[in-house]
Amino acid sequence: MYGLYGRAAVGSGRVAHSAARLRVDAPTTMRLLSTLAGVRQSHVAPIYFADDGGAGWLIARRTYSSAAAVPCTAAVERALEPEPSDMRLLRALRMHPEQYVATEGFNKAWLLPACIANHASLGAIFAWSVLNQPLLRLNGVVAPSAADWSLGDINVTFSLVMGGFLWGAVFGGFHDRWGPRACCLIGATAIGGGFGLASLAVATDNLLMLKAGGLVWGLSMGWAYVPPLANVIRWYPDKKGFASSAVVVGYGAGAFIAAPVFYNLLKAFQRVPTYLGTRGEVELVNREGRMFASVVDTAVDVGGAGSSSLVEVIVATTADINAAGFVGIPEGVYVVGTGSTGGAETFGLMGLAYTAIIASTAYMHRLPRADVGVSPGSSLPTRSTTADSDGAVAPLPSSSFNVDPAVAIRTPQFWAMYAGFGLSITGAYGVISSGRLMLTECFGETLPHIVTPANTAAFVGLMSIGNLGGRLFWANGSDIVAQRMGGDPFWGRKATFAVMWGLGPAAYLGTAYAISANAANPSAVSMPKMPI
């Protein structure tokens, strides 16, 4: 407990403290000292108030130096106000932003791998198309059954996850208030909960629960995407393009890592359903679009069936079986609901893994001092010399081109950018969510030796490489263009967006042409072997 003493500490023309002796706890004292120039938190003894003709002075005695006197200003008074309950809770949990301010010797480069790992976990959603086919044949396993979900049903979940960025706008005010550590831990809880709900939904065949899982999963985007990125940019104010691209490259790389992991986990946990025989050997009955077979064998586990009963079945062709990733099983009639795609286990295990990664990297965050800027070439910030009207040290501005959000949202340029980004990501996310399925349906029949389950999963990985490559190239490219245009970042961003959005229509038209040309003359060029 630090002591705070005084007779008449006066600020803003009024008596702030008139008690003969006032004691406050250590956190309040630390907050007070953080507003004072020249006072280091690690070397502070009790502090005193002294009256000097009504002006008010705060005297801070340092352990290893003489006393320093600083005017008692409105900023000091604000520091002495009671801390809100949410911040007191964060302090009790050791997650208050002031509790992980960087100390001498901290190397800011360590923030980059932590943030990359965080964003790679969030970017796993871009491997969603690897999960499409297992979810589409959840009951039939080797082929879709009449009771299985449709592509439109399951892609709602993808949309809910990606729409989770909306939560960032809703709760954005808490990002700076609570800091990256608390926000990332909330994100870790959300991604674990989302994966867990998805796992339970697959195990119980509950579509509503799958959508609920997407909604919860999406919360991780709103809470854990921006705070780490913003913190890194604080440490690299002169290299925003480098800092932001280094972090979001992890988001783009998420699918490159997740696609082969998802694929191999699904393959490890999948289970072949009960086989009844070829189509010619089994008597089939069609009832309201669903296929049934008569079974006279108690060895077939259909819920305690007697000597003769009808069970729902699907008829799987060799193409269906190959597309499902099963090797060496015959085509024919299989009992619905007796196998497994491995989806429940995959969702459960990956949820645990991503929760652990985001939660552990959250504790690697350190914040620069609130009253400092960051100098190039230094792992620790250097003190700013600017001060506000209250005498408190102000942060160095990270950019001279900032526009207040309340002003920006009323400009036509903002809405033009909004429309540009919205239209560009509509097509991109449509391809990302169904890329593997689109490849199978467009090229599977004409190039069956190329479009195998392993290669379609590798295709998702290649899309991820393009995703992360673009994030790295365009952000750094805009910085280079800006430097060559006199240092004004506006021209660098403008030129970059013009080229980036100009390439989109050409890419989509080229894809349409490739599909059409392949249908007329099936051919392919060799592609590099992916680590599947």
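Described below are features of the structure shown in this document. Just so it is clear, the model here is predicted, and its values are computed rather than measured.

**Some points on the overall build of the protein chain**
Here is step 1: Along the backbone of the protein chain there are 17 helices and 14 strands.
Here is step 2: Taking all 532 residues of the protein chain together, the buried fraction comes to 44%.
Here is step 3: Partitioning the contacts of the protein chain with sequence separation of at least 6, the portion at a separation of at least 24 is 69%.
Here is step 4: As displayed, the protein chain offers around 26000 Å² of accessible surface, 63% of which is attributable to carbon and sulfur atoms.

**So, the pairing of strand 10 (residues 290-295)**
Here is step 1: Alignment of strand 9 (residues 284-287) against strand 10, held across 4 bridges, turns out to be antiparallel. Residue pairing across strands places Leu 284 opposite Ala 293, the latter belonging to strand 10.
Here is step 2: The antiparallel hairpin formed by strand 9 and strand 10 contains 2 residues in its connecting segment, where Glu 288 sits at a positive phi of about 50°.

**Observations regarding the packing of helix 5 (residues 128-136) against helix 11 (residues 240-269)**
Here is step 1: Packing of helix 5 against helix 11 leaves a shortest axis separation of 8 Å and a crossing angle of 25°. Between helix 5 and helix 11, the interaxial angle falls into the category roughly parallel. On the side of helix 5, the interface is formed by Val 130, Leu 131 and Pro 134, while helix 11 contributes Ala 259, Phe 262, Tyr 263 and Leu 266.
Here is step 2: Classifying every residue of the contact of helix 5 with helix 11 gives 7 nonpolar, no polar and no charged.

**Remarks on the nonpolar core**
Here is step 1: Among the nonpolar cores identified, the biggest contains 68 residues, and Ile 125, Phe 262 and Phe 347 are the most heavily contacted of them.
Here is step 2: At 12 residues, the largest contribution of residues to this core is made by helix 11.
Here is step 3: Not counting the four nearest positions on each side in its chain, Phe 347 is found in contact with Trp 128, Leu 131, Leu 135, Phe 195, Ala 198, Ser 199, Val 202 and Trp 217.
Here is step 4: In terms of nonpolar packing, the next biggest core, distinct from the first, is built from 11 residues, Val 141, Ala 316, Tyr 334 and Val 336 among them.

**What about helix 5?**
Here is step 1: Across the 9 residues of helix 5, 9 count as buried, placing the element largely inside the fold.
Here is step 2: Taken together, the buried positions of helix 5 are Trp 128, Ser 129, Val 130, Leu 131, Asn 132, Gln 133, Pro 134, Leu 135 and Leu 136.

**Quick word on the side chain of Arg 181**
Here is step 1: Position of Arg 181 relative to the elements: it lies in helix 8 (residues 172-204).
Here is step 2: For the buried Arg 181, no salt bridge is present, and the opposite-charge side chain at shortest range is Glu 98, 13 Å distant.
Here is step 3: In terms of polar contacts, Arg 181 uses its side chain to reach the backbone carbonyl oxygen of Tyr 363, at 3.3 Å.
Here is step 4: Setting aside its immediate chain neighbours within four residues, Arg 181 contacts Arg 94, Met 95, Tyr 100, Ala 362, Tyr 363, His 365 and Arg 366.

**Some words on the state of the cysteines**
Each disulfide is one covalent bond, formed between the sulfur atoms of two cysteines.
Here is step 1: Under the defined criterion, the tally for this structure stands at 0 disulfides.
Here is step 2: Residue Cys 115 stays outside any disulfide, its sulfur separated by 7.2 Å from that of Cys 184, the closest cysteine.
Here is step 3: Classification of Cys 184 by relative accessible area gives buried; the value is 0%.

**Comments concerning the packing of aromatic side chains**
The geometry of an aromatic ring pair is captured by the separation of the ring centres together with the interplanar angle, meaning the angle of the planes.
Here is step 1: Tallied over the entire structure, the rule returns 22 aromatic pairs.
Here is step 2: Ring centres of Phe 165 and Tyr 225 lie 5.1 Å apart, and the angle between their planes is 85°; on these two criteria the pair is classed as edge-to-face. With a gap of 60 residues between them, Phe 165 in helix 7 (residues 165-170) and Tyr 225 in the loop between helix 9 (207-224) and helix 10 (226-235) connect regions that are remote in the sequence.
Here is step 3: Judged by its relative accessible area of 31%, Phe 165 falls in the partly exposed class.
Here is step 4: Judged by its relative accessible area of 12%, Tyr 225 is buried.
Here is step 5: Relative to Trp 223, the ring of Trp 178 has its centre 5.8 Å away and its plane inclined at 10°; by these criteria the two rings are stacked.

**A closer look at the layout of surface pockets**
Here is step 1: The volume enclosed by the second largest pocket comes to roughly 650 Å³.
Here is step 2: Lining the second largest pocket are 28 residues; nearest its centre among them are Ala 319, Asn 322, Ala 323, Ala 324 and Thr 440.
Here is step 3: Elements with a contribution of two residues or more to the lining of the second largest pocket: helix 5, helix 11, helix 12 (318-324), helix 15 (412-443) and helix 16 (453-484).
Here is step 4: Looking at which element gives the most residues to the lining of the second largest pocket, the answer is helix 12, with 5 residues.

**Remarks on empty space enclosed by the protein**
Here is step 1: Tallied over the full model, the rule gives 3 cavities of 30 Å³ or more.
Here is step 2: Reported here for the largest cavity is a volume of approximately 120 Å³.
Here is step 3: In terms of lining, the largest cavity is formed by 14 residues, of which the most central are Arg 137, Tyr 263, Gln 270, Ala 324 and Arg 436.
Here is step 4: Every element with two or more residues in the lining of the largest cavity is listed here: helix 5, helix 11 and helix 12.
Here is step 5: Its residues assigned to classes, the lining of the largest cavity shows 7 nonpolar, 4 polar and 3 charged.

**With respect to the pattern of salt bridges**
Here is step 1: In the structure shown here, the tally under the stated rule is 5 salt bridges.
Here is step 2: The shortest N-O distance in the salt bridge between Arg 177 and Asp 86 comes to 2.7 Å. Taken as a pair, Arg 177 in helix 8 and Asp 86 in helix 3 (residues 85-92) lie far apart in primary sequence, 91 residues in all.
Here is step 3: Overall, the relative accessible area of 35% leaves Arg 177 in the partly exposed class.

**A few points about the environment of Ala 353**
Here is step 1: Its location among the elements puts Ala 353 in helix 13 (residues 343-362).
Here is step 2: The class for Ala 353 is partly exposed, based on a relative accessible area of 31%.
Here is step 3: Remark: the alpha-carbon pair of Ala 353 and Gly 192, spanning 161 residues in sequence, is separated by 8.4 Å.

Cut-off values and rules
- Residues numbered from 1 in each chain as written.
- Predicted model: local features only at pLDDT ≥ 70, side-chain atom pairs only at ≥ 80, totals over all residues.
- Heavy atoms only, no water.
- Helix = DSSP H or I, 4+ residues; strand = E, 2+ residues; numbered from the N terminus.
- Buried < 20%, exposed > 50% of the residue type's maximum accessible area, 1.4 Å probe, protein only.
- Contact = heavy atoms within 4.5 Å.
- Areas by Shrake-Rupley, 256 points an atom, 1.4 Å probe, with all protein chains shown as cover.
- Pairing = 2+ DSSP bridges.
- Axes fitted to C-alpha atoms, helices over the stretch in contact; angles between N-to-C directions.
- Parallel < 35°, antiparallel > 145°, perpendicular 65-115°, else oblique.
- Nonpolar A, V, L, I, M, F, W, Y, C, P; charged D, E, K, R; others polar.
- Core = buried A, V, L, I, M, F, W, Y, C linked by side-chain atoms within 4.5 Å.
- Lys, Arg positive; Asp, Glu negative; His and termini not counted.
- Salt bridge = Lys/Arg side-chain N within 4 Å of Asp/Glu carboxyl O.
- Polar contact = N/O pair within 3.5 Å; in protein donor to acceptor, adjacent residues only side chain to side chain.
- Disulfide = S-S within 2.5 Å.
- Phe/Tyr/Trp six-rings, centres within 6.5 Å; stacked < 30°, edge-to-face > 60°.
- 1 Å grid on protein atoms, 1.4 Å probe; cavity = no way out; pocket = protein on both sides within 12 Å on 5 of 7 lines; lining within 4 Å.
- Points joined across faces, edges and corners; volume = space filled by probe spheres on them.

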